[in-house]
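# Understanding the architecture of this molecule
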Amino acid sequence: MTDPKTPEPSGVDLARVALRAAKEQARARGAAAQQKKQARRGGLRSGARADGRDPLPLGTAINRLITERGWEAPAAVGGVMGRWPQMVGPEVAQHCEPQRYDEDARVLTVRCDSTAWATQLRLLAPQLVARLNADLGQGTVRLIKVLGPGGPPRRYGPLRSPGSTGPGDTYG
């Protein structure tokens, strides 16, 4: 039984439905044939459209490599080492230089050229850690280890007084 409210599809409507179904079947057959052809040829071929095998700009390739390998934090800290004068100011950067970053302990080691600058940087360390973490992400740097200057080689000999550490007393 048919519902009296729904009209029977007329000849034109039946033709439209049949045409739509035929087009869908043709698309499906065409896609299957295309896949078979590509499989016989050994995979995809280059064409006018972009695909995953196209060359990438260097910056994009490096960013992809950093993300895939999980090097975001070391790369960011390396960028800070390159921007050290902008981060701490030109006067501090002239006397203090970042040496290394320990990713496991999250410690940035900085060497200063005098004990006075080492003391100054130790006082500024909490503010600098906060600035670095704001730039790199929270918890990237936990501690700044400040090293004084490397002193001259210690000389041992007859002029050394007992108990003295030599000219290294003023360093460190």
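Further up the page is the structure itself.
Please read these numbers as outputs of a predicted model, since none were measured by experiment.

Conventions used here
- Residues numbered from 1 in each chain as written.
- Predicted model: local features only at pLDDT ≥ 70, side-chain atom pairs only at ≥ 80, totals over all residues.
- Heavy atoms only, no water.
- Bend = angle between axes of the 7 residues up to and from the residue.
- Helix = DSSP H or I, 4+ residues; strand = E, 2+ residues; numbered from the N terminus.
- Buried < 20%, exposed > 50% of the residue type's maximum accessible area, 1.4 Å probe, protein only.
- Contact = heavy atoms within 4.5 Å.
- Salt bridge = Lys/Arg side-chain N within 4 Å of Asp/Glu carboxyl O.

At Ala 125, helix 6 (residues 115-136) shows its strongest bend, of approximately 55 degrees, with the proline Pro 126 following within four residues. Within the sequence span of helix 6, burial applies to Trp 117, Ala 118, Leu 121, Ala 125, Leu 128, Val 129, Leu 132, Asn 133 and Leu 136. Gly 137 lies just past helix 6 and shows a positive phi near 120 degrees.

For Arg 100, the position within the fold is in strand 1 (residues 96-102). With a relative accessible area of 48%, Arg 100 lands in the partly exposed category. Here the alpha-carbon distance between Arg 100 and Lys 145, two residues 45 residues apart in the chain, equals 9.9 Å. Every residue in contact with Arg 100, bar those within four places of it in the chain, is listed here: Met 81, Val 107, Leu 108 and Thr 109.

Summed over the entire model, instances satisfying the criterion amount to two salt bridges. The residue Glu 24 makes a salt bridge to Arg 27 at a minimum N-O spacing of 2.7 Å. A residue pair is termed a helical-turn pair when its members lie 3 or 4 positions apart in one helix, as Glu 24 and Arg 27 do in helix 1 (residues 11-41) at three residues. Given a relative accessible area of 47%, Glu 24 falls into the partly exposed group. Close ionic contact of Arg 83 with Asp 135 constitutes a salt bridge, the shortest N to O distance being 2.6 Å. With Arg 83 in the loop between helix 3 (72-82) and helix 4 (84-88) and Asp 135 in helix 6, this residue pair connects regions lying 52 residues apart in the sequence. The class of Asp 135 is partly exposed, set by a relative accessible area of 38%.

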